[in-house]
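# Overview (structure and organization)
Spelled out, the chains give:
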Amino acid sequence: MSKLRDVITQTKDVVYTAEFPIIDGGGMEQVKKNVERLAPWFVAVNATDNTAAHAHASNVSVAIAMKQHGLEPIMQIVCRDKNRLAIQADMAGANLHGIENIALLTGDDVTAGDEPETRRVFDLDGPQAINVASILNAGTYLSGRKLNPAPNFFICSVENPFAPPHDYRIERVLKKHRAGAQMIQLQIGYYPERLEKFCAGVAATVPDLAIIPSVVLIKSAKPLSFMNDKVPGISVPQDVIDRVAQSTDQAEAAYHLALEQCQHALALPGVRGLHITDFRHDDTLERLMRDLGRTPNQYT
Amino acid sequence: MPKLLNLLLAVEHGMKKPVWDCTMCGQCVLHSTGMTCPMTCPKTLRNGPCGGVREDGHCEVKPEMRCVWVKAYDRKVSLPLPTVWKEHYNDLRPPVDMQLKGTSSWVNLITKRDQQTPAGWAKRQEETHSH
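None of the values given here were measured: they were computed from a predicted structure.

### Digging into the sheet that holds strand 1 (residues 15-19) of chain A
Residue and element names in this part refer to chain A. Taking strand neighbours around the barrel as the criterion, the eight strands line up as 1-2-3-4-5-6-7-8 in a closed arrangement whose pairing is parallel. Between one strand axis and the next, the sheet turns through 25 degrees on average, direction left out of account. Along the sheet, helix 5 (residues 126-137) makes contact with strand 4 (101-105) and strand 5 (154-159), crossing strand 4 at roughly 150 degrees. The strands touched by helix 7 (residues 192-205) within the sheet are strand 5, strand 6 (183-188) and strand 7 (210-216), with strand 7 carrying the most contacts at an inclination of about 165 degrees.

Laid out in structure tokens, this is it:
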């Protein structure tokens, strides 16, 4: 049973999701530590699939490990590294292990990673992968061959309302919804007016689609400049960078920037919760969650 | 007949290569994508732009190139294209059929070969459109 689906469809509670840190070292002990830190605050957490085009412990293996340790995964599948056979195999594998939340993404390009010489796949794109998940939910593979028992996937996806062409981002999300997506996590962004326009446009047509904007917790202005310069699809206006950079206490200024972003996003139509990326800054995460009115273990 | 097919293939490629940098995917969707070929997107995305489009509207992978889908959307809005073409802009286009690579999309259009999709896909499209 997907607790994430229950919270979205059965309750009015706010949905908080996060990113599970990549696993390159520390083995299962590290998985356990991450689970202990995240489980009190989040209903479900993303098990990523080679984030930023870097190889890591796989999406399916991390999702299984999270589940074994008691944290509900949202298993991501990215179109960059796998053809349609491998993507369906990931889905069937998730089904075998009782993983119900899956998120389908187009994915960063290989040039964003540390092995830019690799072959990019993109045999499917994001909306097609969502549709394939819906096909599996109906009990067959893409070919029509039976899959039994059929999965009961809660299908998620992502969108970046901050990147051009801005007006078209709403139509694209509606297409993803038609393909079967029920929840959309958004890219990190620093243009509140773009977020407002996007949420209003989506909620006006599909009010049942759960929009989950993302907020990143940082400790100084440096990561803002880094994201602006290096992360595809993220632009940070100079006045936002200056606000943090010119403060006498950068950590405090960065925290208040994030808190304001959270409060702003939560008040928008269609928004059912937030996705928090925190780069392992434990104390700030707890402070943020408490400032947003949360107490530990509210979902249990 | 094969001679005619080869001729069509040559004419199609000769026309589309210089204008759209056509890669002969054999399942042309130009009319529904603002007369912009999605196969020139480095990720070959047929259902809209990825999340990596730069602030200036250029491509994540090739910074010197304007995003194919930024261009497509501009053209869809501004070009005097037939309404029926514009209506198809937001269609969910199926995964590329790699078996059609190098064949003539004109022939595949006439024979309706380009409308064939895997059984699971076809069934879902039928169900979602009948609602």
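### Things to note about the nonpolar core
All names here are of chain A. Among the nonpolar cores identified, the biggest contains 90 residues, and Leu4, Phe20, Phe42, Met91, Leu104, Met183 and Ile276 are the most heavily contacted of them. Setting aside its immediate chain neighbours within four residues, Phe20 contacts Val31, Asn34, Val35, Leu38, Val45, Asn46, Thr48, Val62, Met66 and Leu71. Membership of the second largest hydrophobic core comes to 14 residues, among which are Ala221, Ile234, Val236 and Leu257.

### Focus on the environment of Ile8 of chain A
Residues and elements named next belong to chain A. As for its position among the elements, Ile8 is in helix 1 (residues 3-10). Residue classification places Ile8 among the buried positions, given a relative accessible area of 8%. What Ile8 contacts, discounting residues up to four positions off in sequence, is Val15, Phe154, Met183, Ala210 and Arg272.

### What to know about helix 1 (residues 2-20) of chain B
For helix 1 of chain B, which comprises 19 residues, the first-to-last C-alpha distance of 26 Å matches the rise-based estimate of 27 Å (1.5 Å per residue) to within 8%. After helix 1 of chain B finishes, the residue Asp21 of chain B shows a positive phi value of roughly 55 degrees.

### What to know about the packing of aromatic side chains
All names here are of chain B. As enumerated under the stated definition, the model contains five aromatic pairs over all chains in all. Arranged with centres 6.1 Å apart and planes meeting at 50 degrees, the rings of Tyr73 and Tyr89 form a pair that is tilted. One end of the pair, Tyr73, is in helix 2 (residues 68-78); the other, Tyr89, is in the loop between helix 3 (83-87) and helix 4 (105-110), and 16 residues separate them in sequence. By relative accessible area, which is 11% here, Tyr73 ends up buried.

### Section: the domain arrangement of chain B
Residue and element names in this part refer to chain B. Split by domain assignment, chain B resolves into domain 1 (1-28 + 99-124) and domain 2 (30-92). Domain 1 puts eight residues into the contact, and the matching count from domain 2 is eight residues. Carbon and sulfur atoms make up 68% of the surface buried where domain 1 meets domain 2, a total of about 690 Å² over both sides. Three residues stand out in domain 1 for area buried against domain 2, namely Trp20, Cys28 and Trp121, and they jointly supply 63% of the buried area on that side. If you look at where domain 1 meets domain 2, you find zero salt bridges. Viewed at the interface, domain 2 and domain 1 are joined by two residue pairs in polar contact (both at pLDDT 80 or more). In terms of residue class, the side of domain 1 that touches domain 2 is made up of four nonpolar, two polar and two charged.

### As for the interface of chain B and chain A
A common way to report how large an interface is uses the accessible area buried once the components associate. Tallying the contact residues gives 35 residues for chain B and 42 residues for chain A. When the two sides are added together, the surface that chain B and chain A hide from each other amounts to roughly 3,000 Å², 53% of it contributed by carbon and sulfur. Area buried by chain B at its contact with chain A is led by Glu55, Asn90 and Arg124 of chain B, which between them contribute 20% of it. Between the two partners, chain B and chain A, sit one salt bridge. At the surface where chain B touches chain A, the tally comes to 22 residue pairs in polar contact (both at pLDDT 80 or more). Elements that contribute at least two residues to the side of chain B that touches chain A include exactly helix 2 and helix 5 (119-130) of chain B. The element contributing the most residues to the side of chain B that touches chain A is helix 5 of chain B, with five residues. Residue composition of the side of chain B that touches chain A, grouped by class: 17 nonpolar, nine polar and nine charged.

### Comments concerning the side chain of Asn46 of chain A
Residues and elements named next belong to chain A. Among the structural elements, Asn46 can be located in strand 2 (residues 44-47). The exposure class of Asn46 is buried, given its relative accessible area of 1%. Side chain to side chain, Asn46 and Glu19 meet in a polar contact 3.4 Å long. Discounting chain neighbours no more than four positions away, the residues touching Asn46 are Ala18, Glu19, Phe20, Ile74, Gln76, Gln185 and His275.

### Comments concerning empty space enclosed by the protein
All names here are of chain B. Taken as a whole, this structure holds three cavities of 30 Å³ or more when the rule is applied. Each pocket or cavity is described by its volume, and for the largest cavity that value is around 130 Å³. Lining the largest cavity are 18 residues, with Lys16, Cys22, Cys25, Cys28 and Cys37 positioned closest to its centre. Per-element accounting of the lining of the largest cavity gives the leading share, three residues, to helix 1. Residues belonging to the lining of the largest cavity are distributed by class as follows: ten nonpolar, five polar and three charged. Residue lining of the second largest cavity: 15 residues in total, with Cys41, Pro42, Cys50, Cys59 and Cys67 positioned closest to the centre. For the lining of the second largest cavity, the residue count by class is twelve nonpolar, one polar and two charged.

Each value, and the rule that gives it
The residue numbering used here restarts from 1 in each chain and proceeds along that chain's sequence as written. Each chain gets a letter, beginning with A, and each ligand a number, beginning with 1, in the order they are written. A pLDDT threshold of at least 70 governs which residues receive local features in this predicted model, and a stricter bar of 80 or more applies before side-chain atom pairs are shown or counted, although totals over entire chains, interfaces and linings include all residues. Water and hydrogen atoms play no part in the side-chain values, which are based on all heavy atoms of the structure. In this scheme, strands are said to pair when DSSP sees at least two bridges between them. Numbering of helices and strands runs from the N terminus, with a helix taken as a DSSP run of H or I at least four residues long and a strand as a DSSP run of E at least two residues long. Think of each axis as a best-fit line through the C-alpha atoms, taken over the contacting stretch in the case of a helix, with angles from 0 to 180 degrees between the N-to-C directions. Contact definition: two residues touch when any of their heavy atoms are within 4.5 Å. The criterion is simple. A nonpolar core is a set of buried Ala, Val, Leu, Ile, Met, Phe, Trp, Tyr and Cys residues joined through side-chain atoms within 4.5 Å. To sort residues, take the accessible area from a 1.4 Å probe on protein chains only and compare it with the maximum for the residue type: under 20% means buried, over 50% means exposed, and anything in between is partly exposed. A helix's residues, less one, multiplied by 1.5 Å, set its expected span. Note on ring pairs: Phe, Tyr and Trp rings are taken, using the six-membered ring of Trp, and paired if centres are within 6.5 Å. Classes follow the plane angle, with under 30 degrees stacked, over 60 edge-to-face and the rest tilted. Annotation comment: domain bounds sourced from an automatic or database domain assignment. Accessible surface is computed with a 1.4 Å probe, and the buried area is the amount of it that two parts give up when combined, taken over both parts together. Any carboxyl oxygen of Asp or Glu within 4 Å of a side-chain nitrogen of Lys or Arg constitutes a salt bridge here. Definition of a polar contact: a pair of N or O atoms within 3.5 Å, with one able to donate and the other able to accept a hydrogen when the atoms are protein atoms, and with sequence-neighbouring residues admitted only if both atoms are side-chain atoms. Three classes are used: nonpolar for Ala, Val, Leu, Ile, Met, Phe, Trp, Tyr, Cys and Pro, charged for Asp, Glu, Lys and Arg, and polar for all others, with Gly counted as polar. Computed over the protein atoms alone on a 1 Å grid, cavities are sets of points where a 1.4 Å probe fits but cannot get out and pockets are open sets with protein on both sides within 12 Å along at least five of seven lines; a residue lines them when it has an atom within 4 Å of a point. Grid points are joined across faces, edges and corners, and a volume is the space filled by probe spheres set on the points.

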